[in-house]
Amino acid sequence: MGAGGTKGKDTTPATRLARQSIDVKGDDYARMSCHNQDGRLTGHYFDDVRTLHQAFMRGVGISKNEPCLGFRPAVLAPYEWLTYHEVHTRSCNFGSGLIHKELKPGCSLGIFSQNRPEWVIAEQGCNMFSIVVVPLYDTLGAEAVQHIINQAELHTVVCDVPDKVTKLLSYAGGAAADNILERIIVMQPITDQETLTQAQELGVEILSFQDVETMGVNNPQDKVPPKPDDLATICYTSGTTGTPKGALLTHSNLIACNGGILHACHRYVSFNKDDIHISYLPLAHMFERQALTLLFSVGAKIGFFQGDIKLLPDDMMTLKPTFFITVPRLLNRMYDRAWTLVQGSAFKTKMLHKALNAKKEMLAKGICRNDTIWDTLIFRRARARTGGNVRFVAVGAAPLSEEVLTFARCLFGCTVLEGYGQTECAAAATTTMIGDYTTGHVGAPIQCTKIKLVDVPEMDYYAKQHKGEVCFKGPNVFQGYLKNPEKTAEAIDSDGWLHTGDIGAWLPCGQLRIIDRKKDIFKLAQGEYIAPEKVENVYVRSPLVAQVFVHGVSIKSSLVAIVVPDPDVLPGWAKNQGIEGDMDTLCANADIKDAIMADLNRMAKEGGLKSFEQVKQIHLHPRLFSSDDDLLTPTFKLKRPQARKYFAKELEEIYALVP
């Protein structure tokens, strides 16, 4: 049966859903997949795949030279394809060109580019010659990029467009004494002579991507394929404070994680060379790179989006993918769009409710299908915006609301899995089980990972009560942070457990639920990390404000805040505006609230807060936070879990006001 191939059929789960994870013998409070009955973790899926290079070569071998990488040469143009043999040849040429330019096995190469065929060709060329790939995020600032270039010793960086070349040169010029960048390889031609002149003055060689491939054709090199324990990539975490940390991941780390996913799916998901994937999530993230590795290993097709997320529906309608990797933000938009389209029509709203309720009843019986009358009447048109052929959906990177997850299962009528993990475990550690249509959890451990909950007494979470900090152990766990032993020791304890900072709880059926964060850092729905204390420190500079509690929910895309106006400043300021009253009265005044919100926006601009770091709605609280209310520690630090509980009603109300 194919992925999500449940048309009109009951999806019988691979195991009893009442027992999805089992205790690890000899390791208190640790659990592993119910499929690890022998107590051993798995390190791979295919016997002939132990490295990324072998994964790609397996695809080359079984694809029979069928399409591999697809792209649209112009806006709204049809997809054109490179075959597996063409990609292999070009990758070998590119890798040979790098070696000819005196890059050596074991050295690092930066890739600063949106998703496109050359990204993959560069990566596979590196894999053929044991060169370590270091992706650079588009959103990184100058200081972070310079830090990565220097720390990872990137003498060569591959860019997609001339604008990124200009950025790199400006970073190099801004720290000329420390600059180690020697070479930039650019995919698109540079026509600006000023950029070329600047590069020459800085001693940075500019080469076209085609130049390097031609060098490889003229100077072919013998492959130097990596060993499983060789370093494959240094993936820098996007972070919130300080400089990014470079996670060291070996080929065996990545293949173990891939194997864990394949083992979790293989009983019902037959990934094969007929599958088509739309690649739009950044390849700088391990989530997307792992998806490509999996699909290469079965000879599937990868089609790239045009680079504009607004055009993604047209890309999907043209490509007609069967394999859809996504994030909560996109599913949230699909959910919102469905309800927006029926807004104003009582009949259409009623029909959508009836359709969802009917399919929810089927899910409760273990049936997931896409050929019902409700699919014909309601869901078919929405599915058409994704190409109409999606048969497997995986969502991760940030939490997904229970309501939207169920909606996605009703809409697609196929397998929709939610996973959980982080860069440091090569992307994934858990996934929901096929056939389990319950929500409110991230599934059970995949077969390469053990998960243990550790006491967090300061937050009243204890492993004996099945709650605590989530820790991972297994062959997918990274080797540490590049040149950062202190942060490595903070992340991996002496027994080899990776501490995530997330608080989890085991559910009765063996699934893991994420319930809190140990550290004061959290993600919004689109995946951006927020350091609330940093944001609060900006807002509290407002003369009208005494205290601020910034709050975010991982299924929401924006921040809100509880604001305590300064009781020594607000009454006098308000009187000058013709408004009088005690603090309760002033805090209930809409004009006062608008004025404070405007001043917070001013402080955000002055403080350099990014858009996603700015609060979108506030509630004015008339009394200062205190230890008497259990909102402050003896050293006057905010107790966030207590504040969330204390202001639960107010937070819910102001989130309802956020557009």
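Note that the coordinates shown come from a computational prediction; the quantities given were computed from them, not determined experimentally. (Residues numbered from 1 in each chain as written. Predicted model: local features only at pLDDT ≥ 70, side-chain atom pairs only at ≥ 80, totals over all residues. Heavy atoms only, no water.)

## A few points about the confidence of the model for the protein
Then, number 1: Taken residue by residue, the protein gives an average pLDDT of 89. The fraction at 70 or more is 95%.
Then, number 2: A low-confidence stretch, residues 1-12 stays under pLDDT 50, and its non-local contacts, those more than four residues away or across chains, total 40 contacts. (pLDDT = per-residue confidence, 0-100. Contact = heavy atoms within 4.5 Å.)

## Here we look at unusual backbone geometry
Then, number 1: The phi dihedral of K64 is positive, around 60°, even though this residue is not glycine.
Then, number 2: As for its position among the elements, K64 is in the loop between α1 (52-63) and β3 (67-71).
Then, number 3: The backbone of H466 shows a phi angle near 65°, a positive value even though the residue is not glycine.
Then, number 4: Assessed through its relative accessible area of 46%, H466 is described here as partly exposed. (Helix = DSSP H or I, 4+ residues; strand = E, 2+ residues; numbered from the N terminus. Buried < 20%, exposed > 50% of the residue type's maximum accessible area, 1.4 Å probe, protein only.)

## Comments concerning the packing of aromatic side chains
Each pair of aromatic rings is reported with the distance of its centres and the angle of its planes.
Then, number 1: Summed over the entire model, instances satisfying the criterion amount to 17 aromatic pairs.
Then, number 2: Here Y45 and F46 contribute two aromatic rings whose centre-to-centre distance is 4.9 Å and whose plane-to-plane angle is 90°, an arrangement assigned as edge-to-face.
Then, number 3: For F46, a relative accessible area of 14% translates into the label buried.
Then, number 4: Ring geometry for F324 and F412: centres 6.2 Å apart, planes at 55°, overall tilted. One end of the pair, F324, is in strand β14 (residues 323-326); the other, F412, is in helix α14 (residues 402-412), with 88 residues separating them in the sequence. Pair check on accessibility: F324 and F412 agree, each one buried. (Phe/Tyr/Trp six-rings, centres within 6.5 Å; stacked < 30°, edge-to-face > 60°.)

## Looking at the packing of helix α13 (residues 373-384) against α14
Then, number 1: Here α13 crosses α14 at 105°, and the two axes come no closer than 9 Å. Taken as axis vectors, α13 and α14 run roughly perpendicular relative to one another. Contacts between α13 and α14 involve D375, F379, A382 and R383 from the first element and C410, L411 and F412 from the second.
Then, number 2: Across the contact of α13 with α14, the residue classes break down as five nonpolar, no polar and two charged. (Axes fitted to C-alpha atoms, helices over the stretch in contact; angles between N-to-C directions. Parallel < 35°, antiparallel > 145°, perpendicular 65-115°, else oblique. Nonpolar A, V, L, I, M, F, W, Y, C, P; charged D, E, K, R; others polar.)

## Considerations on the nonpolar core
Then, number 1: By size, the foremost hydrophobic cluster in this structure holds 152 residues, and its most contacted members are L168 and F412.
Then, number 2: The dominant element in this core, judged by the number of residues it contributes, is α14, at seven residues.
Then, number 3: The residues contacting L168, other than those within four sequence positions of it, are F112, V145, I149, V157, C159, L181 and I184.
Then, number 4: L570, L586, C587 and L600 belong to the second largest nonpolar core, which has 29 residues in total. (Core = buried A, V, L, I, M, F, W, Y, C linked by side-chain atoms within 4.5 Å.)

## Details of the side chain of H251
Then, number 1: Along the chain, H251 falls in helix α8 (residues 251-265).
Then, number 2: Each residue touching H251, except ones within four places of it in the same chain, is listed here: R50, T51, L52, N127, P226, K227, P228, D230, L231 and A232.

## Digging into the side chain of N258
Then, number 1: For N258, the location among the structural elements is in helix α8.
Then, number 2: On the basis of relative accessibility, which here comes to 6%, the residue N258 falls in the buried class.

## Thoughts on the sheet that holds strand β19 (residues 450-454)
Then, number 1: Sheet architecture is open: six strands sit in the order β1-β2-β19-β20-β21-β22, paired in antiparallel fashion. Each edge of the open sheet is held by one strand with a lone partner, namely β1 (21-23) and β22 (512-517). Recorded for the sheet is a direction-independent mean angle of 40° between the axes of neighbouring strands.
Then, number 2: Alignment of β19 against strand β20 (residues 467-473), held across five bridges, turns out to be antiparallel. (Pairing = 2+ DSSP bridges.)

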